[in-house]
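Residue-level structural notes
The primary structure of each chain is shown beneath.
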Amino acid sequence: MKKRILAFVLAATMAVGMVGCGSKSADTAATTTEGGAATASASSDLNVMIETPVESLDPQQATDGTSFEVIADYTDGLMQMDSDGNPVNAIAESYEVSEDGLTYTFKLRQDAKWSNGTAVTAADFVFAWQRAVDPEVASEYSYMLSDIGQIVNAEAIIAGEKDKSELGVTAVDDYTLEVSLNVPVSYFLSLMYFPTFYPINEEFFTSCGDTFGTSPETTLSNGAFVLDSYEPAATAFHLTKNADYYDASRVQLSGLNYQVIQDSQTALMSYQNGDLDITLVNGDQVEQVSADPEFQTIGAGYLWYVSPNQKGVKELSNLNIRLALSNAINRDDVTSQLNDGSLPTYTAVPRDFSADFSADQEKFKSVCADDAEAAAKYWEEGLKELGTDSITLEMIVDDDDAPKKVATVLKSEWETTLPGLTVEIVTEPKKQRVQDMQEGNFELGLTRWGPDYDDPMTYLGMWVTDCANNYGLWTNSEYDSIIAECTTGDLCTELDARRTRLYDAEQIVMDEAVIFPIYTAANATLVKANVSGIDFHPVALNRVFKDTVKQ
Amino acid sequence: MKKYILKRVLTSIGTLLAIILVLFILMHLMPGSPFNDEKLSEDQRQVLYSKYGLDQPIVVQFGQYVVNMCKGDFGVSYNISKNTPISQLIQSRLPISIRIGFFAVLLGALVGLILGLIAALKKDTILDTICTIISVIGVSVPSYVFALGLSFTLGFKWKLFPMLYSTADELNSSVMPSIALSMFTMASIARFTRTEMIEVLGSEYMLLAESKGLSGRKLIFSHALRNALIPIITVLAPLIVDLMTGSLVVEKIFAIPGVGSLLVNAIQSNDYNVVIALSFIYSAMYIAIMLVVDILYGIIDPRIRLGKEGD
């Protein structure tokens, strides 16, 4: 027995020894972390939290907000956004628009250089734009040049009917770029800050082969920062201020320190710990931080709405049933559940977007409001027309926190307000949900749409007949003709009249309850008090750090 | 022994091939495709399908995949890191995951063994109860709870270790994730060691050894523990698999640039090639561990070695 005790003592000594080692290394760690934190706060690197890694640093391949933000950190296009989101000159020094609105001539500034010393020339834009429409590149955002930008021949090139050299963009000389359009496009300049239109130096691109945009060595900067540490899908990477940037005196930050954090608890703790200067906050955490003066909600531009399948579901082809569903929702309840600054929305175009197109949220209140009474009336009428007293509908929803929360509120309000209605919620992975909706394989679908360019058409263009994103398969010839008139027709140049016509189009969407708008999404964000001058935008580049100051 | 090892290696390769086939079929049966985004039109999707050969019949795709894989080419990522070769994505990440996993196994096995030994030797005392409580907590609380708890206490409150993994300070960054990951292994090993040791200690040959007058240390370590180790090694192998699954969550919490976080992102975005490649690597590691365990048996227990040689 004594010997057993000895063995135990031995084991115990080992254990203590291990713990001892542990705490020793812990002490060293403490000094390192503190030291590290001290250096971090002393420099004026901005520590930025992002939720997902960068998907691509190839401007013509990237499609997600994070990638766009980082590309724009180190690349300037012809135009950039001012703090209100208006296009102002960047690489373009000046521009001229022909009287018919079909030709844009950009004069490029001569002091813009790539980080390898070569000048940024018109040829760089021609090369990049041709890539964007090249079927071999298969850029997902090629429609920015064709449908949206209306650049001559873009559509035919994408379809493989013409060679990419026939694209309506030419380098007249090194510093003159000429763009020809099919029809006048009122928002064309605002497309120029969209990363799909950013230049690439052909010689450099070719020298990188397949590795373009996968490391600091295979990226070139002509913008405010230079990428100095990065690998594909990196969880942390860094950019340094570009000393050779033509507007270098404007940039106050010494660099940008990006950190991918997918766990919201970790993100919040890291922010409170001082490791981050800006972070997103999850809806469940908002209560905890909402009193903090550093807390703010920032409009994200996304419109969340329910799309009823009018073609496949008999009940939903009935207008009264659709109006009942749209009016039975209390949108305030939805946004207070989300608790992240999202705004209740009663228009088909989201709020705080495109010169505040949807400023008047009561414009369509006769057909879209939180009005249980009206909803009940529509419902009764609808049931009568259908000759039934109960309806069961299935709603497909993304398998994510926010959509599930919203769906639960919708279900309970629909079922309380509309007697005889049963709503079944089916959650699906997002990709599956999108596929089901695109294939018309759904009854009700909770979906969202983010703006691609600064014009209400980025939303209203969706509901024309045969558009792939017209999930409800609704069709209305009057609506189609208004949209055509505003896209390629006479109204392209008459901006005020066009805006009025767009309201007419929106009225039809709302009258017919083509979609049930629910809310305009917002990002609950924490920004340190010593940081100012981050520009937030709902379109294209969600965050711009060129004017950011960290004291 | 050699013949036995060769046989095991061949079986392992066969198993791996079968795994790829199953993975491949599963991925293509999975709902959605890598290219179901709101912004993608049908035409664009077709262009992308043909670009990546996804419009080919599945048999052709599979054949192509196996041929490429034999050349060490796992294909490219479709969306989590567009067009990046998978091998490049994994290269820098795998060592990080393996290192943390290794620390966790080491820590879990050692501490578990010690706790189990203490509990067995001090059976029915307060020490035993404490060890049992620790192991019950370790088994029943999921690793992400430990991870968050550690992150909050050691990282946030006391600032002993960095909360976010930093490649500049890999050793300190690995401490909290390793501990969080090791808890389950530790607890399982502790429980198992206790049971096995109690059984061995009560056996007749132990009584005989004791009555022969063997010293306590020799008695415990060379007679009791050695016999108790065999079943413990058997459970260690599946525990290493739990470790891999645990790492998916723990990597997310500590923002570790390992393969676990990569796999989670890939699954969510239907990035077929990444998912298949990583699952394949996980399976290969598991099979390799099982192989090692089989060989270890022979070393620890001469009876098994002799028995297998007789095959």
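Note that the coordinates shown come from a computational prediction; the quantities given were computed from them, not determined experimentally. (Residues numbered from 1 in each chain as written. Chains lettered and ligands numbered in written order. Predicted model: local features only at pLDDT ≥ 70, side-chain atom pairs only at ≥ 80, totals over all residues.)

1. Description of the overall build of chain A
The helix and strand tally for chain A stands at 16 helices and 21 strands. In summary, chain A has a C-alpha radius of gyration of 27 Å against a globular reference of 24 Å for 551 residues, a match within 12%. Summarising its shape, the C-alpha atoms of chain A cover approximately 90 × 80 × 40 Å along the three principal directions. Within chain A, buried positions represent 50% of all 551 residues. A separation of at least 24 residues holds for 68% of the contacts in chain A among residues at least 6 apart in sequence. (Helix = DSSP H or I, 4+ residues; strand = E, 2+ residues; numbered from the N terminus. Rg over C-alpha atoms; globule rule 2.2 N^0.38 Å. Buried ≥ 20, exposed ≤ 12 C-beta atoms within 10 Å, placed from the backbone. Contact = placed C-beta atoms within 7 Å.)

2. Notes on the overall build of chain B
For chain B, the helix and strand inventory stands at 13 helices and zero strands. Dimensions along the principal axes, computed over C-alpha positions, put chain B at roughly 85 × 60 × 30 Å. Evaluated residue by residue, chain B yields a buried proportion of 41% over its 311 residues. Counting only contacts in chain B whose residues sit at least 6 apart along the sequence, the fraction spanning at least 24 positions is 75%.

3. Looking at the pairing of strand β14 (residues 391-398) of chain A
All names here are of chain A. Sheet analysis places β14 next to strand β15 (residues 421-428), joined by eight bridges and oriented parallel. Bridge pairing in β15 places Asp398 opposite Glu428. Examined bridge by bridge, β14 and strand β16 (residues 444-449) share two bridges and lie parallel to one another. The residue of β16 that forms the bridge with Ile396 is Gly445. (Pairing = 2+ DSSP bridges.)

4. Regarding the interface of chain A and chain B
Listed by partner, the interface residues are 49 residues for chain A and 52 residues for chain B. Mapped onto the side of chain A that touches chain B, the elements with two or more residues apiece are α1 (2-42), β10 (255-260), α7 (264-272) and α13 (430-438) of chain A. Here the side of chain A that touches chain B takes 16 residues from α1(A), the largest share from any one element. Here the side of chain A that touches chain B is built from residues that sort into 23 nonpolar, 16 polar and 10 charged. (Nonpolar A, V, L, I, M, F, W, Y, C, P; charged D, E, K, R; others polar.)

5. Quick word on the environment of Leu239(A)
Residue and element names in this part refer to chain A. The topology assignment puts Leu239 in strand β9 (residues 236-241). C-beta crowding within 10 Å serves as the criterion here: with 27 such atoms nearby, Leu239 is assigned to the buried category. Linking Leu239 and Ser254, residues 15 residues apart in sequence, is a C-alpha distance of 8.7 Å. Beyond its immediate sequence surroundings of up to four residues, Leu239 is in contact with Asp73, Tyr74, Phe225, Val226, Leu227, Asp228, Gly255 and Leu256.

6. A short note on the sheet that holds strand β7 (residues 176-180) of chain A
Hydrogen bonding along the main chain pairs the strands of a sheet, whether they run parallel or antiparallel. Residues and elements named next belong to chain A. Spatially, β4-β5-β7-β6 is the arrangement adopted by the four strands of the open sheet, whose pairing is antiparallel. At either margin of the open sheet sits one strand with a lone partner, and together these are β4 (92-97) and β6 (169-173). Strand-to-strand twist of the sheet, defined as the mean angle between neighbouring strand axes without regard to direction, takes the value 20°. Sheet topology places strand β5 (residues 103-108) next to β7; five bridges connect them, and they run antiparallel. Paired with Tyr104 across the strands is Val179, a residue of β7. Against the sheet, helix α3 (residues 122-133) makes contact with β5, β6 and β7, and its axis sits at roughly 165° relative to β6, the strand it touches most. (Axes fitted to C-alpha atoms, helices over the stretch in contact; angles between N-to-C directions.)

7. Some words on the pairing of strand β17 (residues 516-527) of chain A
Residue and element names in this part refer to chain A. Of all 12 residues in β17, 12 are buried, a share of seventy percent or more. Two elements, strand β11 (residues 278-280) and β17, share three bridges in a ladder whose sense is antiparallel. Bridge pairing in β17 links Ile278 to Val527. With nine bridges connecting them, strand β12 (residues 295-308) and β17 associate as antiparallel partners. Residue pairing in the sheet places Trp304 in a bridge with Tyr519 of β17. Pairing geometry for strand β13 (residues 343-344) and β17, over two bridges, is antiparallel. Residue pairing across strands places Leu343 opposite Thr520, the latter belonging to β17.

8. Re the packing of helix α10 (residues 331-338) of chain A against helix α12 (residues 401-417) of chain A
Residue and element names in this part refer to chain A. Direction vectors running N to C along α10 and α12 enclose 150°, while the axes themselves pass 10 Å from each other. When you trace α10 past α12, the crossing you get is right-handed. Taking contact as the criterion, the partners of Asp333, Val334, Gln337 and Leu338 in α10 are, on α12, Ala402, Lys405, Val406, Val409 and Glu413. Class assignment for the residues of the contact of α10 with α12 results in five nonpolar, one polar and three charged. (Left-handed = near helix turned anticlockwise from the far one by under 90°.)

9. A word on the nonpolar core
Counting 232 residues, the largest nonpolar core has Trp129(A), Ala324(A), Leu460(A), Ile518(A), Ala180(B), Phe254(B) and Val274(B) as its most contacted members. In terms of residue count, the dominant contributor to this core is helix α5 (residues 94-121) of chain B (15 residues). In this view, Leu460(A) contacts Ala348(A), Val349(A), Ile483(A), Leu502(A), Ala505(A) and Glu506(A); residues no more than four positions away in its chain are not counted. With five residues, the next largest nonpolar core counts Ala138(A), Leu40(B), Val47(B) and Leu48(B) among its residues. (Core = buried A, V, L, I, M, F, W, Y, C linked by C-beta atoms within 7 Å.)

10. Some remarks on the packing of helix α11 (residues 259-268) of chain B against helix α12 (residues 272-300) of chain B
Residue and element names in this part refer to chain B. Put simply, α11 and α12 touch, their axes get as near as 8 Å, and they point 140° apart. Here α11 lies oblique to α12, going by the angle between them. Classified by chirality, the crossing of α12 by α11 is left-handed. Residue-level contacts link Val259, Leu262, Leu263, Ala266 and Ile267 of α11 to Val274, Val275 and Leu278 of α12. The residue inventory of the contact of α11 with α12, partitioned by class, reads eight nonpolar, no polar and no charged. (Parallel < 35°, antiparallel > 145°, perpendicular 65-115°, else oblique.)

11. Observations regarding the confidence of the model for chain A
Regions with low pLDDT carry predicted coordinates that are not meant to be interpreted in detail. Looking at chain A, pLDDT values average 89 and 92% of them are 70 or higher. Residue range residues 1-42 of chain A is modelled with pLDDT below 50. Its contacts to residues more than four positions away, or to other chains, number 38 contacts. (pLDDT = per-residue confidence, 0-100.)

12. Topic: unusual backbone geometry
All names here are of chain A. A positive phi angle is found at Asn339, which is not glycine, with a value near 60°. With respect to the helices and strands, Asn339 occurs in the loop between α10 and β13. For Asp356, which is not glycine, the phi torsion reads 50° and is therefore positive. With respect to the helices and strands, Asp356 occurs in the loop between β13 and α11 (372-386).

13. Some words on helix α2 (residues 65-74) of chain A
Residues and elements named next belong to chain A. In terms of residue burial, α2 counts as a mostly covered element, since eight of its 10 residues are buried. Within the sequence span of α2, burial applies to Ser67, Phe68, Glu69, Val70, Ile71, Ala72, Asp73 and Tyr74. Each element contacted by the buried residues of α2 is listed here: β8 (225-229), β9, β10 and β20 (543-544).

14. Considering the environment of Ala120(B)
Residues and elements named next belong to chain B. Inspection of the secondary structure assignment puts Ala120 in helix α5. Sequence spacing of Ala120 and Ala187 is 67 residues, and the spatial spacing of their C-alpha atoms is 14 Å. Sequence-distant contacts of Ala120, that is, excluding residues within four places in its chain, are made with Thr193, Arg194, Met197, Ile198 and Leu201.

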